[in-house]
Amino acid sequence: MSRKIEYRFTLIEVLVVIGVISILASLLLPSLGKAKERVKAIHCLNNQKQTGLAIQSYMSDFSFYFASSNSSKWTTNLMLNSYLSNGDILCCPSSKIPRYADSASGWFTYGAIYTNDASNCIQMSAPQFAHASRVYMLGCSLSIENQKPMFRMFAQDDVSENYGRPHLIHQQKVNMYFLDGHAEGKNMATLRDVVQVPNWVKYAADQSGSVYLKIY
Ligand SMILES: [Zn+2]
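Reading guide: rules and limits
Residues numbered from 1 in each chain as written. Predicted model: local features only at pLDDT ≥ 70, side-chain atom pairs only at ≥ 80, totals over all residues. Helix = DSSP H or I, 4+ residues; strand = E, 2+ residues; numbered from the N terminus. Buried ≥ 20, exposed ≤ 12 C-beta atoms within 10 Å, placed from the backbone. Contact = placed C-beta atoms within 7 Å. Pairing = 2+ DSSP bridges. Core = buried A, V, L, I, M, F, W, Y, C linked by C-beta atoms within 7 Å.

Right, let's talk about the overall build of the chain for a bit. Of regular secondary structure, the chain possesses two helices and 13 strands. In terms of overall dimensions, the chain has C-alpha extents of about 95 × 40 × 30 Å along its principal axes. Taking all 216 residues of the chain together, 35% fall into the buried category. Of the contacts made within the chain by residues no fewer than 6 positions apart, 66% connect residues no fewer than 24 positions apart.

Following this line, the structure appears as structure tokens:
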């Protein structure tokens, strides 16, 4: 007759195993969080490239004019005229509004340059600008007052907290789409090279979204 051998863990062994698992989890979770955020930043860049192409397609049909005002929102123009079918690509996946359905019909989305005058659209085409790779068209945005992204970004000195500004949401970087068709992440230092028609980018919202940082 064979004797059954029973293995039992002592309480101390169980506690040691739980302790080891907790230590491993605490070591792995932050790096998993960072990896997840890196994936979102890449997702965001792809969104912006698709959105940028839709804008440029729209502009090529309208003599390179870009309409971006409260009464003629660029997001609505793209959606209603079928330049875009999936509104979610207008939204930064790391922002508080990652889905178009929650964007108040295109109000809380990526921010684009803004004229505040529907009759005075900006004419933008790469040949117009000597450094098209530095002229940005849209990017991850934030209005500190609303604590939401905003479809319009201002170049003015006035730091009203209602204004959308580039948001350093991706590990201290803001993703931006440029007039030459490329998209990339910019940090506070490299934002100094970015042109926001007709001026330079002057402010950016910090990662936590609590303050506008002065670039110039
Ligand atoms: Zn983003």
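Moving on from the model shown.
With four bridges joining them, strand β8 (residues 174-178) and strand β9 (residues 183-186) adopt antiparallel strand pairing. By the bridge assignment for β9, Met176 is matched with Glu184.

What follows concerns unusual backbone geometry. In the Ramachandran plot, Ser82 falls in the positive-phi region, its phi being about 65 degrees despite a non-glycine side chain. Along the polypeptide, Ser82 turns up in the loop between α2 (74-80) and β2 (111-113). Of note, the phi angle at Gln171 is positive, near 45 degrees, even though the residue is not glycine. Tracing the backbone shows Gln171 in the loop between β7 (164-166) and β8. Overall, Gln171 belongs to the partly exposed group, with 14 C-beta atoms counted inside 10 Å.

Core analysis: the biggest nonpolar cluster contains 45 residues, and Ile55, Trp74, Ala112, Met137, Met176, Tyr177 and Ala204 have the highest contact counts within it. Filtering out sequence-adjacent residues up to four positions away, Ala112 remains in contact with Ser68, Trp74, Met137, Leu138, Phe151, Arg152 and Met153.

Next up on the list: the pairing of strand β4 (residues 136-139). Where β2 lies against β4, two bridges are found, and the strand directions are antiparallel. Note on β4: the bridge partner recorded for Gly111 is Gly139.

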